[in-house]
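Here's the letter readout for the chains.
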Amino acid sequence: MDSVVQLQRQLVDYTVQLFNEGFLDDQFNQLQQLQDESNPDFVVEVVTLFFEDSERLLDELAKALEQQSVDYTKIDAHVHQLKGSSSSIGAQRVQKVCIGFRNFCEERNIEGCQKCLHQVKREYSLVKTKLETLFKLERKVLAAGGSIPWPM
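What you see is a predicted model, and the numbers here were worked out from it, not measured in a lab. (Residues numbered from 1 in each chain as written. Predicted model: local features only at pLDDT ≥ 70, side-chain atom pairs only at ≥ 80, totals over all residues. Heavy atoms only, no water.)

K.L.:
Explain the overall build of the protein chain to me, please; I cannot follow it from the model alone.
P.N.:
In terms of helices and strands, the protein chain carries six helices and zero strands. Ordering the α and β elements of the protein chain from the N terminus gives α-α-α-α-α-α. When burial is assessed residue by residue, the protein chain has 41% of its 152 residues classed as buried. Once the 17 positive and 23 negative side-chain charges of the protein chain are each reduced to a mean point, those two points are 5 Å apart. (Helix = DSSP H or I, 4+ residues; strand = E, 2+ residues; numbered from the N terminus. Buried < 20%, exposed > 50% of the residue type's maximum accessible area, 1.4 Å probe, protein only. Lys, Arg positive; Asp, Glu negative; His and termini not counted. Charge placed at Lys NZ, Arg CZ, Asp CG, Glu CD.)

See the structure below:
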């Protein structure tokens, strides 16, 4: 039983760290509160959809910024969608970069847009890795016979 308690402590500490480092915000807690026995994989499913959608949007943004004639309206629409989906799961740092990205779109600043694309890809990659680790820790706790101490 001590190992279960240790795993739960690891999970709590890791989750607190994600909030303290600004990777996640309270929206993630709200997402977790929607999960229950009838839908135990709700958060993982929603976040997986976020990953799929984000990767598609990041590819489309990269292609759009490589065009001879940059369509800033199209880029802004993609960034707006990414901002909304990152906000809906609580991916705070991705959302914040998107805000700056949209400002550069409005200014039609190609260098600023390219810089923000690089930043948003980095932040997305970081939050994806962090959330995958969080879900792995959750699975370890459950496999050891423990329960997930939500909400945090």
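Having put the structure on the table, let's press on.
K.L.:
Sorry if this is basic, but what is going on with the nonpolar core here?
P.N.:
A general tendency of soluble globular proteins is for nonpolar side chains to be buried together. Counting 43 residues, the largest nonpolar core has Val47, Ile75, Phe101, Val120 and Leu131 as the members making the most contacts within it. At the level of elements, α1 (2–20), α2 (26–33), α3 (42–66), α4 (72–89), α5 (92–107) and α6 (110–143) are the ones that each hand at least two residues to this core. Other than its neighbours up to four places away in sequence, Phe101 contacts Leu61, Leu65, Ile75, Val79, Cys113, Cys116, Leu117 and Val120. (Core = buried A, V, L, I, M, F, W, Y, C linked by side-chain atoms within 4.5 Å. Contact = heavy atoms within 4.5 Å.)

K.L.:
Mind showing me how you'd approach the UniProt feature "domain: HPt" (unreviewed entry) in the protein chain here?
P.N.:
The UniProt entry lists residues 39–144 under the feature "domain: HPt" (unreviewed entry), expressed in the numbering used here. Secondary structure over residues 39–144 splits into 88% helix and 0% strand, and the C-alpha atoms at its two ends are 20 Å apart. (UniProt positions renumbered as here; feature names shortened; annotations may be inferred.)

K.L.:
Which parts of the structure should I look at to understand the packing of aromatic side chains?
P.N.:
Aromatic ring pairs are defined here through the distance separating the ring centres and the angle between the ring planes. Inspection of the entire model under this criterion finds three aromatic pairs. With a centroid separation of 6.0 Å and 50 degrees between ring planes, the pair formed by Phe50 and Phe51 is classed as tilted. Of the two residues, Phe50 and Phe51, neither departs from the other in class, the shared state being buried. By way of ring pairs, the aromatic residues Phe50, Phe51 and Tyr124 are connected into one cluster. We note Arg93 situated over the ring of Phe23; from NZ or CZ to the ring centre the distance is 3.9 Å. (Phe/Tyr/Trp six-rings, centres within 6.5 Å; stacked < 30°, edge-to-face > 60°. Lys NZ or Arg CZ within 6 Å of the ring centre and 35° of its normal.)

K.L.:
Where do I start with the UniProt feature "modified residue: Phosphohistidine" (unreviewed entry) in the protein chain in this structure?
P.N.:
The sites that carry the UniProt feature "modified residue: Phosphohistidine" (unreviewed entry) are, in the present numbering, His80. Here His80 is to be found in helix α4. Note on His80: relative accessible area 43%, which makes it partly exposed.

K.L.:
Looking at this structure, how should I read the side chain of Ser54?
P.N.:
Looking at the secondary structure, you find Ser54 in helix α3. Residue contacts for Ser54: discarding those within four places in its chain leaves Leu82, Ser85 and Tyr124.

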